[in-house]
Amino acid sequence: MFYNYLLTRSIKTPEMAINELQQSFDKYYELYNYLLKLIIDLTDLQERYLDEARHKFLPTHEDLYPNLKFVNNKLVELLRENEQLQLYIKEHKLSWRDNEIFLKLMLNKILNCDIYHEYMQNNRNDLDGDCYLWKQIFKRIIIDDDDLLEELENQSMYWSSDDLDFMGQFVIKTIKRMNDGDRRPIMPKFKDQEDADYGHDLFMATVNQEELNTATIDKYIDSRHWDSDRIVLIDRVVLLVALAEVRTFEKIPTAVTLNEYIEIAKSFSGPNSPAFVNGVLNAVVRELKNAGVIRKP
C-alpha cells in the first residue's frame, strides 16, 4: 500500500495510506480463511446434490448408493472441527453459499478433472490421500481459475490474481500442516509482533528517507543509458522502498532485500526494470557498506 501512496500522494496522506495498509492486511487474511471455507462449502454442495439424487422420483442404484469418498474427506472434517477457523468464519460471516452459481461452476470443474476421478477410483481411505486431493485441486484448478478471480475482484478491491496465488499457496501449506498432524495448522495473521509492525515501519522509513534515498539513487543513474527524469515511476518507488529496508532493518541481509525487490520489479514493471533496479541497488549498497552506513552482510 505504501507503493500506492508514493504513486498517488497528491490525493493521499500518510495517515490514509497507513490505514489502507492495515485494511489490506486484514483483507489478505480474510482471503486465506475464505479459501479454506471454499473447501467446506464445495463439499457441502456436493453432499446436497447426492442427497437430492437419493430422494428423486426414480432414483438409480448409483443415486441410492453413491460413492461418498469426496464428501467424507478427512481434511474437510478437520476444517469443520477447527475452532480457530470456525470462530473466524463466524465473526466475519464468511460463506460462499450466496454465490451458488459460482459454487456450482467450481464444483463441476472439480468433478470433471482427472485428479478427482483418480481419487474416487483408488482404494485409499486415509488423511494423506484426502489432503493430496485438495492440494492438487488448489494447484491445478483454484489458484489459476479466472471465474474465481473475477468473483473475488467483484467482492474486494484488495483481492487480485497475485493475492489469490499467494493465499492459495498458504492454503496448500495449511493442508500440509494438517496432514502432518500440526496441532495449530491455521496460520495466524502475523508470525509475531515484529512481523506485525514490519509494514508500518517500512512505510514510515520509506517516507522519512525519501529525500535522502532519492539523492543517492540519482547519483548512480548512468545518464548515458537512463534519463533520471524519465525513469519509470514504479521503478523509482521500488528503489526507494528497497533502500529504506536496507537502511532500517538490521536483521534482513542485503542480499535478501536485493533479490526480493528485483523480483518485485519483474512482476510490476517493464522488461528492462529488473536489470536497472539490480544495477542501481548493488551500486548504492556497495557505497553504503564502504562508508560504514550499513554493516550487515
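Above this note sits the structure.
Residues numbered from 1 in each chain as written. Predicted model: local features only at pLDDT ≥ 70, side-chain atom pairs only at ≥ 80, totals over all residues. Heavy atoms only, no water.

Engineer: Help me understand the overall build of the protein, please; the structure alone is not making it clear to me.
Structural biologist: Assigned secondary structure in the protein consists of 15 helices and zero strands. Expected size for 297 residues packed as a compact globule is a radius of gyration near 19 Å; at 24 Å, the protein overshoots this value by more than 25%. Counting only C-alpha atoms and orienting by the principal axes, one finds that the protein spans roughly 80 × 35 × 35 Å. Counting only residues that meet the buried cut, the protein has 47% of its 297 residues in that class. As presented, the protein carries roughly 16500 Å² of accessible surface, and 50% of it is formed by carbon and sulfur atoms. (Helix = DSSP H or I, 4+ residues; strand = E, 2+ residues; numbered from the N terminus. Rg over C-alpha atoms; globule rule 2.2 N^0.38 Å. Buried < 20%, exposed > 50% of the residue type's maximum accessible area, 1.4 Å probe, protein only. Areas by Shrake-Rupley, 256 points an atom, 1.4 Å probe, with all protein chains shown as cover.)

Engineer: What am I meant to see in the layout of surface pockets here?
Structural biologist: Where empty space is left in the structure can be found by rolling a water-sized probe over the atoms. Size it by volume and the second largest pocket reaches roughly 230 Å³. Residue lining of the second largest pocket: Gln46, Tyr49, Leu50, Ala53, Glu62, Asp63, Pro66, Asn67, Phe70, Val71, Tyr116 and Met120, and that is the complete set. Broken down by secondary-structure element, the contributors of at least two residues to the lining of the second largest pocket are helix H2 (14–54), helix H3 (61–64) and helix H7 (114–121). When residues in the lining of the second largest pocket are grouped by element, the largest group, four residues, is from H2. Among the residues making up the lining of the second largest pocket, the classes are represented as eight nonpolar, two polar and two charged. (1 Å grid on protein atoms, 1.4 Å probe; cavity = no way out; pocket = protein on both sides within 12 Å on 5 of 7 lines; lining within 4 Å. Points joined across faces, edges and corners; volume = space filled by probe spheres on them. Nonpolar A, V, L, I, M, F, W, Y, C, P; charged D, E, K, R; others polar.)

Engineer: How should a negative patch on the surface be read in this particular structure?
Structural biologist: Residues Asp144, Asp146, Glu150, Glu153, Asp162 and Asp165 make up a contiguous surface patch of negative charge. Those elements giving two or more residues to the negative patch turn out to be helix H9 (146–155) and helix H10 (161–179). Considering each element in turn, the negative patch owes the most residues, three residues, to H9. Structurally, Asp165 is set in helix H10. (Patch = residues over 30% accessible without salt bridge, like charges linked within 9 Å, V, L, I, M, F, W, Y side chains within 5 Å. Salt bridge = Lys/Arg side-chain N within 4 Å of Asp/Glu carboxyl O. Lys, Arg positive; Asp, Glu negative; His and termini not counted. Charge placed at Lys NZ, Arg CZ, Asp CG, Glu CD.)

Engineer: What's the story with the packing of aromatic side chains in this structure? I'm lost.
Structural biologist: Two measures describe an aromatic ring pair: the distance that separates the ring centres and the angle between the ring planes. Evaluation of the coordinates by the stated rule reveals ten aromatic pairs. Measuring from centroid to centroid gives 5.5 Å for Phe25 and Phe190, while their planes differ by 90 degrees, and the two rings are edge-to-face. Of this pair, Phe25 sits in helix H2 while Phe190 sits in the loop between H10 and helix H11 (193–208); the two residues are 165 residues apart in sequence, bridging distant segments of the chain. Judged by centre distance (5.5 Å) and plane angle (75 degrees), the rings of Phe70 and Tyr116 are edge-to-face. You can see Phe70 sitting in the loop between H3 and helix H4 (74–81) and its partner Tyr116 sitting in helix H7, a full 46 residues away along the chain. Like Tyr116, Phe70 is buried. Grouped by ring-pair contacts, the aromatic residues Tyr34, Trp96, Phe102 and Trp159 constitute a single cluster. Lying over the aromatic face of Tyr119, Lys69 brings its terminal NZ or CZ to 4.5 Å of the ring centre. The ring of Phe170 is capped by Lys173, whose NZ or CZ atom sits 5.0 Å from the centre of that ring. (Phe/Tyr/Trp six-rings, centres within 6.5 Å; stacked < 30°, edge-to-face > 60°. Lys NZ or Arg CZ within 6 Å of the ring centre and 35° of its normal.)

Engineer: I would appreciate a short explanation of helix H15 (residues 273–290) in the present structure.
Structural biologist: Given 3.6 residues per helical turn, the α-helix brings residues three or four places apart onto the same face. Taking 1.5 Å of rise per residue, 18 residues should cover 26 Å, and H15 covers 26 Å from first to last C-alpha, within 8% of that figure. At its buried positions, H15 is contacted by helix H12 (210–219), helix H13 (233–248) and helix H14 (254–268). Backbone geometry just downstream of H15 places Gly292 in the positive-phi region, at approximately 80 degrees. (Expected span 1.5 Å × (residues − 1). Contact = heavy atoms within 4.5 Å.)

Engineer: How should I be thinking about the packing of H13 against H14 in this particular structure?
Structural biologist: Think of two packed helices as two axes; the pair is described by the angle between the axes and how far apart they sit. Running from N to C, H13 and H14 cross one another at 165 degrees; their axes reach a closest spacing of 10 Å. Regarding the angle of H13 to H14, the classification is roughly antiparallel. Seen from above, H13 lies across H14 with right-handed handedness. Seen from H13, the contacting residues are Ile234, Val238, Val241, Ala242, Glu245 and Val246; seen from H14, they are Thr254, Thr257, Tyr261, Ile264 and Phe268. The residue makeup of the contact of H13 with H14, split by class, is eight nonpolar, two polar and one charged. (Axes fitted to C-alpha atoms, helices over the stretch in contact; angles between N-to-C directions. Parallel < 35°, antiparallel > 145°, perpendicular 65-115°, else oblique. Left-handed = near helix turned anticlockwise from the far one by under 90°.)

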